[in-house]
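Architecture and fold: a report
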Amino acid sequence: MKSVRLCSQAIFTIRTVFLRIALLRLWELDDLEEEAETVAFLEQMNYWQTVLFSSEAQELPFIKLICHLLYKKLVSPNRTVQAATANLWRMLLVQKPAETATMLTYAMEANQRHLSMGFMKLANLDNDAFLGWVDEHRGELDSFFFDTLSKPWEDFVAEENRRTEESTKNRLGKRKDKLKRWQADEALFDNVLHRHEISTSHSRSNTHALERMRHQKAVQDQQDNLAYIMSSYDKLDKMLRRPCGLLEEDEASCRWQLDETEGRNRMRMRILPDRSTQQHVFHPKASTSGKTTPSKLKIDTSLARASTIEVAGMTPSATESVFGISRQISRVTSPGLLDETGQDTPVPEEDFEMVADPREDDGFEDKNRKVMRSLERGDQVQNLCNVSRIVGLEAYEGLLVVGKDHLYLQDNFFQRSDGEIISVAQAPAEERDPYLQMISGRETKIRRTQHSSGEQSAWNWAWEDVISISKRRFLFRDVAIEVFFTDGRSYLLTTISPTVRNDLYAKLVSHAPHVNIPISSSSPSEDSWRLESLRNPEETPQTFGSKFANVFSSGSSNAATRKWIRGEISNFHYLMLVNTMAGRTFNDLTQYPVFPWVLADYTSEELDLDNPHTFRDLSKPMGCQHPAREADFRERYRSFAEMGDDNAPPFHYGTHYSSAMIVSSYLIRLPPFVQSYLLLQGGSFDHADRLFSSVEKAWQSASGDNMTDVRELTPEFFYLPEFLVNINGYNFGAKQATGEQINNVVLPPWAKGDPNIFIARHREALESPHVSKHLHQWIDLVFGFKQRGEAALEATNVFHYLSYHGAKDLDNIEDPVERLATIGIIHNFGQTPLQIFQRSHMQREEATHRARRLDSAAESLTRLPFPLLESKERVFSLVYSPKQERLLCAAPLRLNIPPTYDRYMEWGFADSSIRFYDAASRKLIDLMEHPHQGQLSCATFVDSGTLITAGEDSTVSVWNVECTSKAVEITPRICLFGHRTPVTVLAISKAFSTFISASTDGQVLLWDLNRNDLVRKLDKGAPVECACINNVTGHIVLCRGQNVALYTLNGELLLDQRVCDTEDDAVVSCAFYEGVGNEWLERELVFTGHKRGVVNIWSRVVLGDGTWHLQLVKRLNNVDSSREEGTNFAAAITCILPTAQTVYTGDDDGRVYQWDCVQRHSSYSGR
């Protein structure tokens, strides 16, 4: 029953609400404006009549209210609404007859009772009749419905409004109460959460940092692993495609580039494959009549900057590119300052394409961790410094890490002032060096990429490999250092300020052991020959004895000058030393080494070095080789002097004898110089008529024809024939007048069209007596007292004042425009070398006072009557130990270990091991089993730290050697593949970091020791019996049976000649005479050891037809004095060791003989 009551109450409530809604809607509707809606609602009320007028709805007030509202609709002027209302009245009377009658009876007054009866009859009338009745009684009906029944409606409305207000107040009160409860609950929750955060914040932060670090390390490890995999894949791909690989590519399609490795006399002679993945196609300058297609150039937005903010306030703004406006500066700042070609050509408009912004976030990468992971095991970081690596005309920013045991150089890292290591692209602008913007390579798409093949982004060296460190200048600012290494490579590094440079120099010098050893040390190292070529006397550590001697020494010249005067070093070597002392470096094209024109004859069929007219006048600069030209330059100086411009002192020459454009134009046929040239030229070659294409025309232009050309030469003119040949097949275009295609450099007639002959004869001219007699005069002009001041004026040798160091201090120039102009002139115009001689340079002594050496006195070699040694074993090697002051001989399968040779190595044992013994006690020190699969076939030491072995498994292995007091340990560096048969011959050149390997099938491979990579294949032929590499010239000798083949260091065959007289003879051993120091060798001597005790000495000469030939100089017969007939020993000569005045030979029977140069004088004839 209770559920029934609850249901009835709910239904009653619903019905009440429904009735109120119906009343509200009926009241709201407007008969005129909402006719359709009104009629529709009345029809809906008619439809819901069972609910509205049900028997359970016995509410009289509702009847009154709905009758009041229905009457309003009934008297509406709209007939449609009246009809719909009449229908609803009829339903009301039908459904509620009693309630309606009661309401009408009691509500109406006595005089209105007849109206009640009228309404009651409505149910029987149609609408028109009913509406007509309503119109007849309109006044009475209005009085009743609008007066009598209006009060219940007003009371109903008031009551409803009151209820609504009360309900609203109740709801607001309840809502406020609930909000208060919610606020209290929220405050309680916040309080609990706050207490929880306070109590767990430290642990949560630690946990977050730890997990974030783990995530970063995981991501970085993944990236590093992927990079390693890609690098390994790239290496394998290159190994497959290189010579002797499974997918060997045609060598004719290979591109070549000049390697930075320096050999003897600091010569950069090696040409290596350019295996970069990006091969550029360079185009010549289009003619004015031809159609040109503008090339899109990418703007490299990475700028070279600096490491600290120490001098940020005194450095120029980084908002403009100095390089970009330097051409305009050179035309407007100084009169007569012209480009290298003397032409004023406009810069073509280019289309630029922006590359991606390098400052975008590169993801998770902990640079500190990455730098630390690059350290060698057990090493510790002691200092970090932001540096920029100068390469040609470009700068690569990076981080120099000074470790306890190693030195590290890493590109693209930067240490902020707060100590954080980031990428260079993310470095703050105010902390980077704006001076380096001009060499950032932003004007052309030829920009070299840091990660191109063959170039690393990170290097490291043990401190023992750092051989020399020198202070250098960059843009005439004392902010650079140059670091040289034992492998022949060097790097020019710049810092932001002189203070930073000096601090870094002190730290580096304190770690490098070779740098702290005086040159005059009694125990020279293996690399003392290289150290002597690099050391600046002002930076050389001195012993107390040398300092004491210098105090009382009357001579002012340094040791190198004294050696040159005495003829102990060559002219070339001395010029390289002078350039080095003057701060000239191969790493910066704006400070490239300067060499003189020495010849004036480029038209004769034969070069006469005995004729003084063959040579250029070394006492005068290039602008004064002709009197008329000298007068013109003097007149120019006078004109500028009369102008009286204090800001622009007068000068003779508007161009320089050495600049980046001059160097790159000379070496345009070789990368990386071709990229530097294109960088200066805006991405394309200059007009073919203005390119370096002829040695004769270059001389004529520089010596007389062109008033804007006073250029000198570069060192390559005296040792590198490859720079004269278009080995990469670049399209330089054709000359406009003749249509001649520019390809190789046109050589003088006396060169017979062979670049090797030109280089050989040019070097011979440099070392000739005439040049030796006058070279000091040229040194006075370029490096000496005639470089500046009154002496320079008298010698007509004054250049633009900004080409001299100290003319202006860039850091003190406040005007940004002036600073940019000055930088542009210094960088593009040329820089005069540092003046290192303040007085007149001494002349070289005559050659008659020098001791005779093997290259000039080989014909006088005479054998001592008795052998130095008879070991009864085949002589495999001969070395002279300076420490022990004796000759050391080794049998086959044995090598003496340098540099002290107090230990030796043996192989050939049954267990295929290598064993190390003490030379004095012959006790076993150490051994290594199975270095190869099978037995070793040959081995050789590069130096005390590097061993090369070859085995029957056709592989070549390079090992690191570490000798301690009790052991000799070797660890593998790399295993090299390329041969398909056992390797039987190895020959090395420490000077050029090169070695060759020859196998039994006649295959000969040339390898690069610095990169542990194959360079090229030499011509395949008969099996090689022996081979050797000349450490001075780089020439390679291969002996195959009765023939000797001579190659250049870069694999070019010079000659292949039979050197045996009889059919049963063969070449068994060979050697080069390399001199004792850096002196000039009059002849390149090749020694060949033959069967039956014969040693032939050959000299390389050029025949009349321009071919190379080995000319026999002397035959040494190893005569058996015990036989009356005076025949030779039957044993073959298996080893030859030439020294300055002595030749040692060893034969198959173990005999070692000494051959001496006999000094014959006129006094001997009377005896």
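Here the structure is a predicted model, which is why all the values come from computation and not from measurement.

**Let's talk about the UniProt feature "repeat: WD" (unreviewed entry) in the protein**
As recorded in UniProt, the feature "repeat: WD" (unreviewed entry) lies at residues 929-962 and 976-1017. End-to-end, the C-alpha atoms of residues 929-962 are 17 Å apart, and along that stretch the chain is 0% helix and 62% strand.

**As for the pairing of strand β39 (residues 1142-1147)**
In terms of residue burial, β39 counts as a mostly covered element, since six of its six residues are buried. Covered by surrounding structure in β39 are Thr1142, Tyr1144 and Gly1146 together with Val1143, Thr1145 and Asp1147, the residues of both alternating faces. In this antiparallel pair of consecutive strands, strand β38 (residues 1133-1138) and β39, the connection spans three residues. The pairing of β39 with strand β40 (residues 1151-1157) spans five bridges and is antiparallel. Looking across to β40, one finds that Thr1145 is bridged to Tyr1153.

**Notes on the nonpolar core**
Counting residues in hydrophobic clusters, the biggest one holds 109 residues, and the most contacted among them are Trp597 and Leu1038. Among the elements that make up this core, the one with the highest residue count is helix α17 (residues 571-581) (seven residues). Those residues in contact with Leu1038 that lie beyond four places of it in its chain are Ile996, Val1004, Leu1018, Val1024, Cys1026, Ala1027, Asn1043, Val1044, Ala1045 and Tyr1047. Listed in part, the 37 residues of the second largest apolar core include Phe41, Ala84, Phe144 and Phe145.

**What to know about the sheet that holds strand β10 (residues 458-462)**
Judged by pairing direction, the sheet is antiparallel, and its seven strands sit side by side in the order β10-β7-β6-β5-β13-β12-β11 without closing on themselves. At either margin of the open sheet sits one strand with a lone partner, and together these are β10 and β11 (466-474). Ignoring strand direction, the axes of neighbouring strands in this sheet form an average angle of 30 degrees. Inspection of the sheet shows β11 paired to strand β12 (residues 477-485) by seven bridges, in the antiparallel sense.

**Some details on the packing of helix α5 (residues 79-95) against helix α8 (residues 127-136)**
As a packed pair, α5 and α8 sit with axes 10 Å apart at the nearest point and diverge in direction by 100 degrees. Between α5 and α8, the angle falls in the class roughly perpendicular. Here Arg79, Gln82, Ala83, Ala86, Asn87 and Arg90 of α5 come into contact with α8, specifically with Asn127, Asp128, Phe130, Leu131 and Asp135. Looking at side-chain class alone, the contact of α5 with α8 contains four nonpolar, three polar and four charged residues.

**Points about the pairing of strand β6 (residues 394-403)**
Burial within β6 is extensive, with 10 of its 10 residues counted as buried. Neither face of β6 is left uncovered, since the one carrying Glu394, Tyr396, Gly398, Leu400 and Val402 and the one carrying Ala395, Glu397, Leu399, Val401 and Gly403 both have all their residues buried. Where strand β5 (residues 381-391) meets β6, 10 bridges bridge the pair, whose relative direction is antiparallel. The residue bridging Ile390 from the neighbouring strand is Ala395, located in β6. From the end of β5 to the start of β6, which pair antiparallel, there are two residues, and Gly392 there has a positive phi angle of about 70 degrees. Note that β6 and strand β7 (residues 406-411) share five bridges and pair antiparallel. Note on β7: the bridge partner recorded for Val401 is Tyr408.

**Observations regarding α5**
A rise of 1.5 Å per residue sets the reference length of α5, with its 17 residues, at 24 Å; its end C-alpha atoms lie 24 Å apart and thus fit the reference within 8%. Those residues of α5 that fall on the buried side of the exposure criterion are Val81, Gln82, Ala84, Thr85, Ala86, Leu88, Trp89, Arg90, Leu92 and Leu93.

**Overview of the packing of α17 against helix α23 (residues 769-782)**
Relative orientation of the contacting elements α17 and α23 amounts to 10 degrees, with a least axis distance of 11 Å. Here α17 lies roughly parallel to α23, going by the angle between them. Residue-level contacts link Asn571, Tyr574 and Leu575 of α17 to Val771, Ser772, Leu775, Trp778 and Ile779 of α23. Its residues placed into classes, the contact of α17 with α23 shows six nonpolar, two polar and no charged.

**Structural notes on the confidence of the model for the protein**
Of all residues in the protein, 83% attain a pLDDT of 70 or more, and the chain-wide mean is 82. Low pLDDT (under 50) marks residues 441-455, which in the prediction has 57 contacts with non-local residues, meaning those over four places away or in another chain. Confidence drops under pLDDT 50 across residues 1161-1167; counting only partners more than four residues distant or on other chains, this segment forms one contact.

**Here's the deal with the packing of aromatic side chains**
Working definition: an aromatic ring pair is given by the centre-to-centre distance plus the angle between the planes. Here the structure, examined in full by the defined rule, presents 33 aromatic pairs. Pairwise contacts between aromatic rings join Trp597, Tyr602, Tyr666, Phe692, Trp699, Phe717, Phe723, Trp750 and Phe758 into one cluster. Over the ring of Phe732 we find Arg669, and its NZ or CZ is 5.2 Å from the ring centre. The ring of Tyr904 carries Arg894 above its face, with NZ or CZ at 4.7 Å from the centroid.

**Examining a nonpolar patch on the surface**
Taken together, the side chains of Phe18, Tyr47 and Trp48 make up a nonpolar region of the molecular surface, amounting to roughly 360 Å² of accessible area. Residue placement: Trp48 occurs in the loop between α2 (35-47) and α3 (49-52).

Basis of the calculations
- Residues numbered from 1 in each chain as written.
- Predicted model: local features only at pLDDT ≥ 70, side-chain atom pairs only at ≥ 80, totals over all residues.
- Heavy atoms only, no water.
- UniProt positions renumbered as here; feature names shortened; annotations may be inferred.
- Helix = DSSP H or I, 4+ residues; strand = E, 2+ residues; numbered from the N terminus.
- Buried < 20%, exposed > 50% of the residue type's maximum accessible area, 1.4 Å probe, protein only.
- Pairing = 2+ DSSP bridges.
- Core = buried A, V, L, I, M, F, W, Y, C linked by side-chain atoms within 4.5 Å.
- Contact = heavy atoms within 4.5 Å.
- Axes fitted to C-alpha atoms, helices over the stretch in contact; angles between N-to-C directions.
- Parallel < 35°, antiparallel > 145°, perpendicular 65-115°, else oblique.
- Nonpolar A, V, L, I, M, F, W, Y, C, P; charged D, E, K, R; others polar.
- Expected span 1.5 Å × (residues − 1).
- pLDDT = per-residue confidence, 0-100.
- Phe/Tyr/Trp six-rings, centres within 6.5 Å; stacked < 30°, edge-to-face > 60°.
- Lys NZ or Arg CZ within 6 Å of the ring centre and 35° of its normal.
- Patch = residues over 30% accessible without salt bridge, like charges linked within 9 Å, V, L, I, M, F, W, Y side chains within 5 Å.
- Areas by Shrake-Rupley, 256 points an atom, 1.4 Å probe, with all protein chains shown as cover.
- Salt bridge = Lys/Arg side-chain N within 4 Å of Asp/Glu carboxyl O.

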